[in-house]
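Residue strings, one per chain:
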Amino acid sequence: MIKYLIQKEFLQIRRNSFMPKIIFIFPIMVMCIMPWVMNQEVKNIRVDVVDMDRTTHSQQLVHQIEASNYFIFNGQKATYQEALKDIETSQADIILEIRDGKYLIAANAVNGTKGSIGSAYLSQILVDKLTSKQVDKLIPETNNSSTRQLVDSSTILLYNQHQDYKVFMIPALMGILMMMLCGFLPALNIVGEKEKGTIEQINVTPVSKWSFILAKLIPYWIIGLVVLSLCLVLSWLIYGVTCQGPLWLVYLLAILLALFFSSFGLIVSNYSDTMQQAMLVMWFFVVCLLLLSGLFTPVRSMPDWAYLTTYVNPMHYFADAIRTVFVRGGTFQSIAHQVFALMGISSFMGIWAVRSYRKNY
């Protein structure tokens, strides 16, 4: 019986002129465009410099700012007030004033992220420059080993060695695609049948609730796994980014996430009467789950009450686990906690989806 129900679902998808296109074009567009757009690196920070000292050291510092990939040198201004006018008219983001060997950094904090991170970048350049200047003074006077260590210090990057933000975001985009395909589509499918009245034909048949629910979910699980495979291929072909850990763990995490969102979508559809109602409810919960999951910002930066929500947020477990496997090459032992948490939450939602479905309306 379930075989024919699944066949019916695939026939409905194929006969819909719009659905097959969006199922495959949407993931391709997301993987080709979004990794370039969803980038939280702060670049192109416009800097005004007010150099009152005009020393060799201050000019070297200005040239170093000009050479940085993060800054756009906006020119040197005669006074601080002249540079401040650029800030007020949004023609500059940061002012660096050099006076009597002292340094003042003033940032436009209307965009708090750009202002704070830009100031941190500029402060790091100042610290490096001042440290190198102090070392140059110390080296002729002493052969202290600590001085040599300061000169020879280096940073070793264990993961994402080129510090490419796309490597960090590609696994997150895979989770978002699984959420959209396996969450929204089943929910809209059932509500659409309610609006058309075709679901009444199922209600009068001896089809069990489990068979009906599985027939609604399995086609979208298959589509989700096909799309995931397509994303892995595009990630390799376009960005040269491949999974560092076992691929079967990526598929296991995707299946568990698909089970949760497909079950959640069915729960919403069971309590909704129209597609507009289902869409609004789904969108409300999906946005909350995404923003509180750590996909875009660290969860430890949240207030304590918001951080507590991550314990029941499947997107948080998925994002943490897939980045561990995809970027760091983690094994099952590394993500066992996240896998069991996802399994528990998804199983609970699956049971709720079946129990909330009513055959008789």
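The coordinates are above.
Let me begin by describing the structure that accompanies this report. (Residues numbered from 1 in each chain as written. Predicted model: local features only at pLDDT ≥ 70, side-chain atom pairs only at ≥ 80, totals over all residues. Heavy atoms only, no water.)

Judged by side-chain polarity, Ile25, Met29, Ile33, Trp36, Val37, Val233, Trp236, Leu237 and Ile238 come together as a nonpolar surface patch covering roughly 910 Å² of accessible area. Counting only elements with at least two residues in the nonpolar patch, the list comes to α2 (19-37) and α9 (209-239). Sorting elements by how many residues they give to the nonpolar patch places α2 first, with 5 residues. Judged by relative accessible area, methionine 29 falls into the partly exposed class, the value being 44%. (Patch = residues over 30% accessible without salt bridge, like charges linked within 9 Å, V, L, I, M, F, W, Y side chains within 5 Å. Areas by Shrake-Rupley, 256 points an atom, 1.4 Å probe, with all protein chains shown as cover. Salt bridge = Lys/Arg side-chain N within 4 Å of Asp/Glu carboxyl O. Helix = DSSP H or I, 4+ residues; strand = E, 2+ residues; numbered from the N terminus. Buried < 20%, exposed > 50% of the residue type's maximum accessible area, 1.4 Å probe, protein only.)

In this model, arginine 54 sits at a positive phi of 60 degrees, which is unusual for a non-glycine residue. When you line up the elements, arginine 54 lands in the loop between β1 (45-51) and α3 (56-67). The phi dihedral of serine 90 is positive, around 65 degrees, even though this residue is not glycine.

Let us look at the environment of isoleucine 218. Among the structural elements, isoleucine 218 can be located in helix α9. For isoleucine 218 and leucine 259, which are 41 residues apart along the polypeptide, the C-alpha to C-alpha distance reads 9.5 Å. Apart from residues lying up to four places away in sequence, isoleucine 218 is in contact with Ile2 and Ile6. (Contact = heavy atoms within 4.5 Å.)

The next point concerns the sheet that holds strand β4 (residues 102-107). Pairing in this open sheet of 4 strands is mixed, and the strands run β2-β1-β3-β4 from one edge to the other. Looking at the sheet topology across the chains shown, the edges are occupied by β2 (71-76) and β4. Each strand axis lies, on average, 20 degrees off the axis of its neighbour in the sheet, ignoring direction. As judged from the 6 bridges shared by strand β3 (residues 94-99) and β4, these two strands associate in the antiparallel manner. Within β4, the position partnered with arginine 99 by the bridge is lysine 102. Along the sheet face, α3 touches β1, β2, β3 and β4 and points at about 140 degrees away from the line of β2. Running at roughly 170 degrees to β3, helix α4 (residues 80-88) makes contact with β1, β2, β3 and β4 of the sheet. (Pairing = 2+ DSSP bridges. Axes fitted to C-alpha atoms, helices over the stretch in contact; angles between N-to-C directions.)

A word on the packing of aromatic side chains. For any pair of aromatic rings, the description rests on two quantities: the centre-to-centre distance and the angle between the ring planes. As enumerated under the stated definition, the model contains 11 aromatic pairs in all. Consider the rings of tryptophan 36 and tyrosine 239, whose centres lie 5.7 Å apart with planes at 50 degrees: the pair is tilted. Taken together, the residues span a long stretch of sequence, with tryptophan 36 in helix α2 and tyrosine 239 in helix α9 at a distance of 203 residues. An angle of 40 degrees between the planes, with centres 4.5 Å apart, marks the rings of tyrosine 70 and tyrosine 121 as tilted. Residue tyrosine 70 is located in the loop between α3 and β2, and its partner tyrosine 121 is located in helix α5 (residues 112-138); the two are separated by 51 residues in the primary sequence. Relative accessible area serves as the criterion here: at 31%, tyrosine 70 is assigned to the partly exposed category. What makes tyrosine 121 partly exposed here is its relative accessible area of 24%. One aromatic cluster in this structure is built from Phe260, Phe261, Phe264, Phe284 and Phe285. (Phe/Tyr/Trp six-rings, centres within 6.5 Å; stacked < 30°, edge-to-face > 60°.)

Let us now look at the side chain of serine 263. Within the secondary structure, serine 263 is located in helix α10 (residues 247-270). Looking at serine 263, the relative accessible area reads 1%, which means it is buried. At a separation of 2.7 Å, a polar atom in the side chain of serine 263 contacts the main-chain carbonyl oxygen of leucine 259. Setting aside chain neighbours within four positions, we find serine 263 in contact with Ser346, Met349, Gly350 and Ala353. (Polar contact = N/O pair within 3.5 Å; in protein donor to acceptor, adjacent residues only side chain to side chain.)

Moving on to the pattern of salt bridges. Inspection of every chain in the model, using the stated rule, returns 3 salt bridges. Among the salt bridges present, the one from aspartate 86 reaches lysine 77, with a minimum N-O distance of 3.4 Å. Judged by relative accessible area, lysine 77 falls into the buried class, the value being 19%. Two residues, glutamate 97 and arginine 99, come together in a salt bridge whose shortest N-O distance is 2.9 Å.

Buried residues of α4: Ala83, Asp86 and Ile87, and no others. Buried residues along α4 cover an arc of 105 degrees about the axis, so they all sit on one side. Residues of α4 that are exposed and angled more than 90 degrees away from the buried face: Gln81, Lys85 and Glu88. Among the structural elements, β1, β2 and β3 are those in contact with the buried residues of α4. Count one or two residues on from α4 and you reach serine 90, which has phi positive near 65 degrees. (Arc of directions from axis to C-beta.)

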